[in-house]
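Close look at the chain arrangement
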Amino acid sequence: PLPPLPPRGGTENASDRFDDSNSMSPDEVRRVREAQKRYIPTSLRPSMRIETAAPDHIPPNAPSSALATPEVLVTTLPNGLRVASQETYGQVCTVGVLSDCGSRLEVPGANSGVVHLMELLSFNSTENHPEPLGLTRRVDDAGGATFASGGREQMLWCVDVLRPNAEAAVETLSETVARPLLREGEVEDAKRVVEFQSADLLPEVRLGEGLQVGGYGPIDGAVQQLGKPHFCPLEALEYLNADVVRSFRDEHLLVPSEMVVAGAGIDHDELVDLANRYFGDIPSKPKPDRVVPSTYTGGEYRLEVKTIEGFTRVALAFEVGGWHSPDLVPTCVLQTLLGGGNSFSAGGPGKGMYSRLYREVLNRYHWAESAEAFTSFHGESGLFGISGSSAPERSRDLVRVMAAHLGRLANEHVSDEELERARNMLKCNVLTQLESRLVLFEDIGRQILTYGKREDSESMCRKIDSVTKEDIRKIAERAVAGLGA
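In this report, we go over the structure that sits alongside the text.

**Re empty space enclosed by the protein**
- Counted according to the given criterion, the structure contains 4 cavities of 30 Å³ or more.
- If you trace the largest cavity, you find it lined by Met 118, Leu 121, Ser 122, Phe 123, Trp 157, Thr 176, Pro 180, Leu 182, Val 245 and Arg 249.
- Of the residues that constitute the lining of the largest cavity, the class distribution is 7 nonpolar, 2 polar and 1 charged.
- Of the voids in this model, the second largest cavity is the one considered here, and its volume is about 60 Å³.
- Lining of the second largest cavity is provided by Thr 336, Leu 337, Tyr 354, Ser 355, Arg 356, Arg 359, Glu 418, Arg 421, Ala 422 and Met 425.
- Every element with two or more residues in the lining of the second largest cavity is listed here: α9 (328–338), α10 (356–362) and α12 (416–433).

Dropping the structure here:
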């Protein structure tokens, strides 16, 4: 412990040790400061010394005009795995793995919900880190964060770390993706988490599940791939175990030609070297023919559950094109044009409060608690529609209003003002989202998996600007004319 400072000569006030009353004379202040320099060390330890030059891992501190324009670079490893990255010239990087493996590949009655379970089992014990929470602590010690997500068509794992720790991040990814232990106790813990999540599942999430089940109903008694629930059904927990998870992983997950190692904020050559070191040993496999295209059937889905506020949620949807459709961008513009949200929201035009559903539904009908346009895209098909909520006795009126707005889109051109606002809002949303390093990483990885390339922002903005009023009307006309609501 440091020795106490010498007392102030003659005028020391024991109850005012910090001189809050400002009673010290200039000489006393000077004397105390000199004493502090002798008693309190102010020099830095050698390990904390400020160097005259920046470490090698820190990008150059130069104006943007002196740096190369960031672009997405893609390299394919000998085993077929693709590596894609874009530099951001920041001190933090995001690296991750994406795979064309989703819940659409599950078999009802055999492994339903296994992708949901795999998401919850991410970053647990592995062959080289068998201790519980070993990988999580490793990332915590590196000052990073982990994230895992499963969907109907793809799975994603990522780690966000400082640039010097990129190798530790890639090793962590290789451990959780390629070498998990999948202990029975961990699987049972994940199943308990599924039970808790099911009890707290938001009504809007249940509505989205119902849209898939109703839109892609069974054909000749066979459940279609896009018509399966994504979240693990409680009745499926009894037959899910570690062996089921291993079998699904072995069959569908580790296919290098359908995997991408992506990064944002990391040098491409460095990422290629790390990917080759930690993922290059995954054996090549022929690309499996496992996706069976789903056919849109239309239909109805109802679920009766109690909600906290007592509202009824309703969605009315029609089929549109999928990820490869030329109508993809016009459909996104249409969704932005309709906009919508909740009856209580703060913000101005930038929050979408000038969108059509805000102006002509939420501001017109007091009983409408929410009204919002949505899209759901897949490889071969997609859904577009309007969802909303109201008191149960008003649900019939809500459906009538939704149908009237969708029919109006098919019969009338939108105004020039609405179209221009929607295009500008969509461009703003896309560009601001891509300012996030995590979003940039995910966008790179998912586009490489889906299209085999990544479309730049300039090209996307040109497509948005080229959308016309007639494009909007034709999309709505084709959707409504199909009568497959």
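**Section: the sheet that holds strand β10 (residues 382–390)**
- Taken in spatial order, the 4 strands make up an open sheet running β7-β10-β9-β8, and their pairing is antiparallel. A strand with exactly one partner marks an edge of an open sheet, and here the two such strands are β7 (312–320) and β8 (340–342). Neighbouring strand axes in the sheet, compared pairwise and without regard to direction, differ in orientation by 25° on average.
- In the sheet, β7 pairs with β10 via 9 bridges, with the strands oriented antiparallel. Bridged to Phe 318 within β10 is Phe 384.
- Sheet strands in contact with helix α6 (residues 203–215) are β7, β9 (368–377) and β10, and its direction is about 35° off that of β7.
- Running at roughly 170° to β9, α9 makes contact with β7, β8, β9 and β10 of the sheet.

**Describing the packing of aromatic side chains**
- For the coordinates displayed, the defined rule picks out 3 aromatic pairs.
- Ring centres 5.7 Å apart and planes at 80° place the aromatic pair Tyr 216 and Tyr 296 in the edge-to-face group. One end of the pair, Tyr 216, is in the loop between α6 and α7 (242–253); the other, Tyr 296, is in the loop between α8 (268–279) and β7, and 80 residues separate them in sequence.
- In this structure Tyr 216 comes out as buried when scored by relative accessible area, which is 1%.
- Ring centres of Trp 323 and Phe 377 lie 5.4 Å apart, and the angle between their planes is 50°; on these two criteria the pair is classed as tilted. Separated by 54 residues along the polypeptide, Trp 323 in the loop between β7 and α9 and Phe 377 in strand β9 bring together distant segments of the chain.
- Residue Trp 323 is classed as partly exposed on the basis of its relative accessible area of 33%.
- The class for Phe 377 is buried, based on a relative accessible area of 10%.

**Here we look at a nonpolar patch on the surface**
- There is a patch of nonpolar side chains on the surface, built from Tyr 301, Leu 303 and Val 305 and spanning about 270 Å² of accessible area.
- In this fold, Leu 303 is placed in the loop between α8 and β7.
- The class of Leu 303 is partly exposed, set by a relative accessible area of 43%.

**Some details on the layout of surface pockets**
- Here the second largest pocket defines a volume of roughly 940 Å³.
- Lining the second largest pocket are 30 residues, with Leu 207, Tyr 301, Arg 302, Arg 313 and Val 314 sitting closest to its centre.
- A total of 7 residues in the lining of the second largest pocket trace back to one element, the largest contributor, which is α6.
- For the lining of the second largest pocket, the residue count by class is 16 nonpolar, 8 polar and 6 charged.

**Comments concerning the environment of Gly 210**
- Relative to the helices and strands, Gly 210 resides in helix α6.
- Residue classification places Gly 210 among the buried residues on the basis of a relative accessible area of 7%.
- Separated by 186 residues in sequence, Gly 210 and Arg 396 place their C-alpha atoms 18 Å apart.

**A word on the nonpolar core**
- Core analysis: the biggest nonpolar cluster contains 49 residues, and Val 83, Val 97, Leu 117, Trp 157, Leu 173, Val 261 and Phe 279 have the highest contact counts within it.
- For this core, the secondary-structure elements that each account for two or more residues are β3 (92–99), α2 (114–120), β5 (155–162), α4 (166–178), α5 (184–199), α7, β6 (259–264) and α8.
- Tallying contributions element by element places α8 first for this core, with 6 residues.
- Not counting residues within four places of it along the chain, the set of residues in contact with Trp 157 comprises Val 95, Gly 96, Val 97, Ser 122, Phe 123, Phe 147, Ala 148, Leu 173, Thr 176, Val 177, Leu 253 and Phe 441.
- Core analysis: the next-biggest nonpolar cluster, separate from the first, contains 37 residues, Val 333, Val 361, Val 401 and Val 467 among them.

**Structural notes on the side chain of His 230**
- Residue placement: His 230 occurs in the loop between α6 and α7.
- A polar atom in the side chain of His 230 sits 2.9 Å from the side chain of Ser 103.

**Some thoughts on the pattern of salt bridges**
- Following the criterion strictly, the structure yields 36 salt bridges and no others.
- For Asp 273, the salt bridge goes to Arg 277, with nearest N and O atoms at 2.4 Å. Here Arg 277 and Asp 273 lie together in helix α8, a separation of 4 residues that amounts to about one turn.
- A relative accessible area of 43% places Arg 277 in the partly exposed class.
- The closest approach of N and O atoms between Glu 360 and Arg 408, which form a salt bridge, is 2.5 Å. You can see Glu 360 sitting in helix α10 and its partner Arg 408 sitting in helix α11 (residues 395–411), a full 48 residues away along the chain.
- Given a relative accessible area of 11%, Glu 360 falls into the buried group.
- Look at Arg 408 and you get partly exposed, because its relative accessible area is 28%.
- Look at the salt bridges and you will find they share partners, linking Arg 356, Arg 359, Glu 360, Arg 408, Glu 412 and Glu 418 into a network.

What counts, and where the lines are drawn
Residues numbered from 1 in each chain as written. Predicted model: local features only at pLDDT ≥ 70, side-chain atom pairs only at ≥ 80, totals over all residues. Heavy atoms only, no water. 1 Å grid on protein atoms, 1.4 Å probe; cavity = no way out; pocket = protein on both sides within 12 Å on 5 of 7 lines; lining within 4 Å. Points joined across faces, edges and corners; volume = space filled by probe spheres on them. Nonpolar A, V, L, I, M, F, W, Y, C, P; charged D, E, K, R; others polar. Helix = DSSP H or I, 4+ residues; strand = E, 2+ residues; numbered from the N terminus. Pairing = 2+ DSSP bridges. Axes fitted to C-alpha atoms, helices over the stretch in contact; angles between N-to-C directions. Contact = heavy atoms within 4.5 Å. Phe/Tyr/Trp six-rings, centres within 6.5 Å; stacked < 30°, edge-to-face > 60°. Buried < 20%, exposed > 50% of the residue type's maximum accessible area, 1.4 Å probe, protein only. Patch = residues over 30% accessible without salt bridge, like charges linked within 9 Å, V, L, I, M, F, W, Y side chains within 5 Å. Areas by Shrake-Rupley, 256 points an atom, 1.4 Å probe, with all protein chains shown as cover. Salt bridge = Lys/Arg side-chain N within 4 Å of Asp/Glu carboxyl O. Core = buried A, V, L, I, M, F, W, Y, C linked by side-chain atoms within 4.5 Å. Polar contact = N/O pair within 3.5 Å; in protein donor to acceptor, adjacent residues only side chain to side chain.

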